[in-house]
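# Report on the structure
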Amino acid sequence: MSLERSRWYETMVRIRLFEERAMALFMSGAIQGTTHLCDGQEAVSVGVVAALRDDDVLTNTYRGHGEAIARGMPFEVAFAELMGRSTGCCGGLGGSMHLADFERGNIGANAIVGAGLPIAVGAALAFQLRGERRVAAAFFGDGATNIGTFHEALNMAAVWHAPVVFVAVNNLYGEYSRVRDTTPIDDLAARSSAYALPGVVVDGQDVDAVHAAAKEAVERARAGRGPTLLEAKTYRYRGHSRSDPGRYRPADELEAWRRRDPIEILGGRLTAGEGATPDDLANIRARVAAEIDAATSTAEQAPYPTLADAARLVYA
Amino acid sequence: MSLERSRWYETMVRIRLFEERAMALFMSGAIQGTTHLCDGQEAVSVGVVAALRDDDVLTNTYRGHGEAIARGMPFEVAFAELMGRSTGCCGGLGGSMHLADFERGNIGANAIVGAGLPIAVGAALAFQLRGERRVAAAFFGDGATNIGTFHEALNMAAVWHAPVVFVAVNNLYGEYSRVRDTTPIDDLAARSSAYALPGVVVDGQDVDAVHAAAKEAVERARAGRGPTLLEAKTYRYRGHSRSDPGRYRPADELEAWRRRDPIEILGGRLTAGEGATPDDLANIRARVAAEIDAATSTAEQAPYPTLADAARLVYA
Amino acid sequence: MTYREAIGAALFDEMAADTSVVLLGEDVATDGGVFKTNAGLVEAFGAGRVRNTPISENGFVGVALGMAVMGLRPVVEIMFSDFLPTAGDQIVNQLAKYRFMTGGQARVPVTIRSIGGATGRFGTQHSATGEGWFLGLPGLRLATAGSAAAAYAVLRAAIREDNPVIAFEHKGLLARRGLVERGAVAEVGRAAVARAGADLTIVATLMMVERSIEAATVLAGEGIDAEVIDLRWLNPLDWPTVLDSIGRTRRLLVVEEEPHAGGWGSLVISRAAREGLRLARPPRVISLPDDIPVPYSPPLEDAILPTAASIAAAARELVDR
Amino acid sequence: MTYREAIGAALFDEMAADTSVVLLGEDVATDGGVFKTNAGLVEAFGAGRVRNTPISENGFVGVALGMAVMGLRPVVEIMFSDFLPTAGDQIVNQLAKYRFMTGGQARVPVTIRSIGGATGRFGTQHSATGEGWFLGLPGLRLATAGSAAAAYAVLRAAIREDNPVIAFEHKGLLARRGLVERGAVAEVGRAAVARAGADLTIVATLMMVERSIEAATVLAGEGIDAEVIDLRWLNPLDWPTVLDSIGRTRRLLVVEEEPHAGGWGSLVISRAAREGLRLARPPRVISLPDDIPVPYSPPLEDAILPTAASIAAAARELVDR
Ligand SMILES: Cc1ncc(C[n+]2csc(CCOP(=O)(O)OP(=O)(O)O)c2C)c(N)n1
Ligand SMILES: Cc1ncc(C[n+]2csc(CCOP(=O)(O)OP(=O)(O)O)c2C)c(N)n1
Ligand SMILES: [Mg+2]
Ligand SMILES: [Mg+2]
């Protein structure tokens with residue numbers, strides 16, 4: 001079994017179990033506020049992140065736990081942030097929607113739709129100007145392709161050949177709205193032609209496919225050949241946010257997507273002729289579950305930040 | 001000679017002479033502030049407006065004298081507005097950048113790039129909702145295709161099949177910047193594909209061509225078949241605004257475009273076999289010139305608005 | 001009824017009364033909208049009049065303007081007040097100015113419903129009230145709903161107003177119950193005395209109204225009789241009501257859920273100072289800190305907000321107890 | 001040198017001193033920029049560091065933020081302050097909050113140069129100073145340039161500042177000459193006493209500084225000795241300098257080129273009132289009308305602006321003459 005791909009498998013499991021625990025903690029009141037979970041979409045986070053180098057950066061969204069974990073944020077740091085503790089990645093000031101982690105190149109999880117795109121372009125231009133061969137990726141949803149900053153960011157990136165990869169995570173809905181109710185086309189990747197950029201559609205349930213497409217886009221960017229718009233078709237297993245039961249979804253839709261679960265798909269490949277056994281996979285899951293338990297209680301024991309701490313952070 | 005097309009000819013002459021007089025008045029100090037003239041682009045204003053019905057509406061820009069005059073705004077009203085007089089179309093409160101004329105369906109000349117597009121979409125939706133078979137047109141520049149509202153407006157119009165025609169007046173420059181320095185494609189009409197809309201490129205110096213293309217787009221909209229993005233390739237004979245000598249233009253560019261002057265092109269057709277004589281055309285010009293002289297002095301004699309008048313207009 | 005239901009009732013009643021009223025916004029027509037304020041509207045009035053939009057705030061505020069100048073009376077929902085700046089141009093340069101710069105040709109009866117405010121643990125980008133952001137824009141009315149009654153009557157007034165209005169609501173109040181007089185339409189620019197009192201004047205908006213009333217109840221037990229004014233409108237601001245109250249109490253406490261800089265509270269205090277009102281004590285302010293954004297961390301979010309306790313403490317100082 | 005040249009000199013000196021300083025904006029690299037403030041910069045520093053952008057204000061402010069968190073120090077030109085709301089989200093929700101909401105991980109040294117103000121006959125959508133629009137945003141510094149010296153030294157300070165700054169300039173001042181100390185860097189948050197005086201305190205920014213000085217000159221002829229403070233920074237606001245002056249003069253006149261509602265003037269007056277300063281007279285304000293947008297018509301544009309005459313008249317009333 002390829003070491004790299006078994007790591008992807010583990011990372012997807014990490015994201016899945018993190019999201020499940022996060023939901024439980026929200027429902028129990030241990031975490032307050034709202035959260036936007038990404039279970040179902042793990043292959044997109046993992047496949048794209050696997051195509052990045054450690055010194056590459058990304059911006060993402062309020063639905064950003066996947067990229068945080070894929071980039072290696074320790075569970076206890078992530079949980080602490082969700083719980084508003086001082087040991088969280090943002091000292092508890094950000095919360096679930098803002099899992100930024102500069103040390104690992106996650107330079108901003110944004111709660112304003114579309115806002116992260118130009119920020120990624122700016123990061124990419126900084127690399128370009130300094131002659132560094134680094135790449136920036138911007139993760140955003142299908143709904144974000146309708147806001148002005150999407151257009152402005154892709155246009156500027158194209159004009160300046162910025163080393164950036166735009167990752168449209170098309171999970172079929174923006175809040176309660178199906179893509180086709182707010183967007184007149186089926187493939188969002190087709191919007192790339194408005195900027196003379198390559199647009200690529202990929203199966204977002206297949207981490208191998210996501211990785212291959214992302215790798216090509218990242219290499220293209222790194223080689224100075226400009227941006228790519230990569231659209232991953234995927235599905236969120238939950239409602240938009242904690243409080244949304246997702247009643248607007250047709251019956252069976254969720255079940256149909258679950259039959260193409262990204263973890264199952266990769267697990268199937270690993271066990272079908274790549275040398276892994278079902279036990280190997282079960283062990284991974286068990287190890288991760290234990291880590292989640294430990295991390296939850298570590299996080300829960302961490303102190304809250306003080307107002308004085310917070311006040312000191314407003315200005316550099 | 002077709003009555004309609006001789007009227008177009010006359011209207012183009014009206015715009016041309018208006019702009020020339022406006023420039024002279026600005027240079028002499030009789031009009032203060034700034035102005036953005038459209039001479040060279042007359043065929044776009046006239047060709048599109050000719051495709052509209054009287055009860056159709058349009059939004060346009062600070063470079064909006066052409067559409068104002070094409071829609072029939074009397075010279076003295078337009079000059080009075082440029083001079084800030086109470087007899088101007090906006091009572092002197094708007095000035096050169098804001099020649100709105102609701103009576104004639106010009107529902108707003110906007111000085112913010114891109115802002116008029118969603119406003120036109122809204123007007124179109126009002127028609128659609130009430131079952132009126134009226135159409136809205138939005139005039140904007142090449143540079144405006146890079147701002148977020150362009151994208152948002154086209155997307156919404158497409159999703160809702162709004163009866164609107166988007167008229168991209170591509171005069172090769174946005175202020176000092178050539179289109180290709182800020183936009184990665186040559187034909188702006190190609191951006192229509194991002195919204196599954198028809199995109200049409202037309203020779204903006206040829207009023208017949210503009211009119212034919214606009215007519216098709218307007219009829220399409222009126223028939224409930226949705227929006228069109230129409231791009232007219234044209235040229236402004238002057239710098240961006242009063243104070244801009246246009247030094248960034250390559251030598252000869254202006255001359256090359258002048259050789260395809262829209263008034264000359266139509267004039268040539270009218271005199272080559274359509275029955276008009278050079279004298280007919282000269283007479284038109286002379287008549288318009290006289291009207292301009294009279295209108296200028298009428299406007300100059302009009303009073304300024306009072307602050308009390310202005311204060312009463314802030315709220316309905 | 002609840003504040004949430006009051007909003008829905010106002011929308012329903014205005015849509016029923018006037019077919020030119022239409023509703024626009026993200027998911028306004030699905031499942032009652034994100035905050036369930038719109039339950040039943042699309043069923044009653046159809047998808048033409050209750051329209052889900054793409055995520056295009058600047059764009060759909062512009063669409064509303066275009067509809068308005070063509071005779072409709074659109075109500076736009078901006079889901080979180082924090083997103084108002086996303087529509088910054090259409091609010092600041094278009095809605096507010098459109099009538100004026102067309103020399104009065106246009107009529108712009110657009111209402112933006114904007115749901116804001118803290119207490120929800122929504123973090124830095126989803127907690128602003130935004131109420132002070134659009135002060136100083138002639139042409140633009142600003143309203144707030146500090147109670148279920150206001151959520152109904154002020155919203156109806158906003159929709160009927162022939163000028164653009166931003167109607168601010170507070171998401172922390174959505175579940176609050178209150179007496180709502182169905183059919184009532186508030187007067188534009190008229191504040192409400194939420195609690196009459198003789199010893200000091202507390203001026204507040206949105207959630208700070210209920211916190212001020214809570215404080216007043218505590219203070220009453222101590223023999224301090226606070227008047228609480230729910231300002232309701234920031235433009236036009238009901239100075240006569242404030243003035244009358246201060247004239248009687250000679251003590252002024254402003255409570256705002258926004259930093260004092262750039263907010264309506266500084267305008268109220270400036271006005272009192274410029275008019276040379278003789279106060280027994282300098283006026284006081286309880287507001288969000290001028291130098292800390294709203295944090296996610298629950299205890300910190302609580303700590304930066306004015307509370308009944310902090311309001312009462314300031315009130316005591318004003319009356320020297 | 002002129003105010004315009006002072007801006008260019010500040011940009012040049014900062015770009016020469018620090019290779020991480022880059023310039024972004026519409027046509028900033030062509031023909032010296034639209035306001036000719038950037039003459040020679042692209043020639044000296046190249047098209048990589050002096051970059052023409054598409055017309056995408058919200059987008060390129062976001063680009064600047066991304067550059068900044070990756071170690072550059074971008075200066076963004078917003079051609080007219082009226083376009084700031086077009087970039088509303090990136091200013092309000094991103095620039096101001098980015099450091100805080102990442103728990104201090106980010107450093108955001110972005111400077112937005114914003115050229116605004118009336119007198120140019122540019123009409124309703126091209127005449128705002130915008131200086132009050134972004135008050136009340138913790139994390140965001142606000143600077144203004146009321147003279148050529150400030151245009152140079154304040155801009156240099158803004159560029160060096162490790163936090164986001166909007167540096168407001170006034171297009172009506174571009175051609176003004178003044179003494180500029182090349183190499184000087186202003187202190188962040190420090191006001192300048194533009195004219196010392198003993199009888200009353202005039203606080204002003206941007207073009208209102210010179211109009212206030214003009215008024216003070218007239219008043220001097222009448223035996224009234226006005227102190228004029230060029231506030232320079234709105235966040236942080238130099239209260240000690242204002243306080244010191246009012247403490248001596250006991251008379252306060254605020255002169256602002258914005259409506260008083262939502263502006264810095266109401267904050268200054270509120271602060272004076274809250275601190276219980278004993279003034280000889282109630283404070284006064286000369287500002288743009290709260291209820292009229294800037295009109296195009298030249299006599300009306302003149303009429304709504306504070307003038308040396310209207311300032312002097314208010315000053316006379318303050319000192320009882
Ligand atoms: C500018 C802005 N408008 C609206 C919202 C509210 N909102 C949050 S998420 C969301 C839907 C986004 O959909 P999509 O881009 O598809 O991402 P997903 O949530 O599916 O991951 C909306 C409308 C917001 N956060 N920002
Ligand atoms: C939002 C905004 N940004 C910048 C400007 C300044 N500006 C005025 S016109 C213009 C160029 C527009 O170019 P284009 O759309 O091609 O129209 P044209 O002037 O060529 O008719 C710019 C940048 C503005 N008015 N609004
Ligand atoms: Mg989605
Ligand atoms: Mg152009």
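In case you missed it, the structure is sitting above this.
Predicted, not measured: the structure shown is a model, and the values here were computed from it.

Reading the values: rules and limits
- Residues numbered from 1 in each chain as written.
- Chains lettered and ligands numbered in written order.
- Predicted model: local features only at pLDDT ≥ 70, side-chain atom pairs only at ≥ 80, totals over all residues.
- Heavy atoms only, no water.
- Helix = DSSP H or I, 4+ residues; strand = E, 2+ residues; numbered from the N terminus.
- Rg over C-alpha atoms; globule rule 2.2 N^0.38 Å.
- Buried < 20%, exposed > 50% of the residue type's maximum accessible area, 1.4 Å probe, protein only.
- Contact = heavy atoms within 4.5 Å.
- Near = heavy atom within 4 Å.
- Polar contact = N/O pair within 3.5 Å; in protein donor to acceptor, adjacent residues only side chain to side chain.
- Donors = N, O, S within 2.8 Å, 3.2 Å for Na, K, Ca; no water.
- Axes fitted to C-alpha atoms, helices over the stretch in contact; angles between N-to-C directions.
- Parallel < 35°, antiparallel > 145°, perpendicular 65-115°, else oblique.
- Nonpolar A, V, L, I, M, F, W, Y, C, P; charged D, E, K, R; others polar.
- Pairing = 2+ DSSP bridges.
- Right-handed = clockwise from strand over helix to strand, strands pointing away.

The next point concerns the overall build of chain C. Regarding its fold elements, chain C presents 11 helices and 12 strands. Against the globule reference of 20 Å for 321 residues, chain C gives a C-alpha radius of gyration of 19 Å, in line with a compact fold. Here chain C holds 321 residues, and 72% of them are scored as buried. A separation of at least 24 residues holds for 81% of the contacts in chain C among residues at least 6 apart in sequence.

Below, the discussion takes up the site of ligand 1. In the neighbourhood of ligand 1, 21 residues make up the surrounding shell, with A:Y62, A:R63, A:A111, A:G143 and C:E57 lying closest. Neighbouring residues of ligand 1 are not confined to a single chain but are spread across chains A and C. With respect to ligand 1, the side chain of A:Y62 contributes an N or O atom lying 2.8 Å from an oxygen atom. A:N171 has a polar side-chain atom sitting 2.9 Å from an oxygen atom of ligand 1.

We now examine the side chain of C:R121. Structurally, C:R121 can be placed in the loop between β4 (111-116) and β5 (141-144). In this structure the side chain of C:R121 is engaged in a polar contact, spanning 3.4 Å, whose partner is the backbone oxygen of C:P298. In contact with C:R121, other than residues within four places in its own chain, are A:Q32, A:G33, A:T34, C:Y296, C:P298, C:E301 and C:D302.

Glancing now at the coordination of the magnesium ion (ligand 3). All names here are of chain A. Binding of the magnesium ion (ligand 3) to the protein goes through D142 (OD), N171 (OD1) and Y173 (O), at separations of 2.0 to 2.2 Å. We note that the donor set of the magnesium ion (ligand 3) lies within a single chain, spaced as D-x28-N-x1-Y. Here D142 is found in the loop between β3 (136-141) and α6 (148-159), whereas its partner Y173 is found in strand β5 (residues 173-174), with 31 residues between them in sequence. With relative accessibility at 3%, the residue Y173 sits in the buried group.

The next point concerns the packing of helix α3 (residues 57-69) of chain C against helix α4 (residues 88-95) of chain C. All names here are of chain C. For the pair α3 and α4, interaxial distance at closest approach is 7 Å and the crossing angle is 30°. In terms of axis orientation, α3 runs roughly parallel to α4. Seen from α3, the contacting residues are N58, V61, G62 and L65; seen from α4, they are G88, D89, Q90, I91, Q94 and L95. Classifying every residue of the contact of α3 with α4 gives 4 nonpolar, 5 polar and 1 charged.

This next bit is on the pairing of strand β6 (residues 165-170) of chain C. Residue and element names in this part refer to chain C. Where burial is concerned, most of β6 is hidden: 6 out of the 6 residues are buried. Burial along β6 is two-sided: V165, A167 and E169 and I166, F168 and H170, pointing in opposite directions, are all buried. Sheet analysis places β4 next to β6, joined by 6 bridges and oriented parallel. Each residue of the ladder has a partner; that of I115, found in β6, is E169. Here 4 bridges tie β5 to β6, and the two strands are oriented parallel to one another. In the strand pairing of β6, R141 is matched with V165. For the handedness criterion, the β-α-β arrangement of β5, helix α6 (residues 148-160) and β6 is classed as right-handed.

Everything listed here is a matter of geometry and, on its own, says nothing about what the molecule does.
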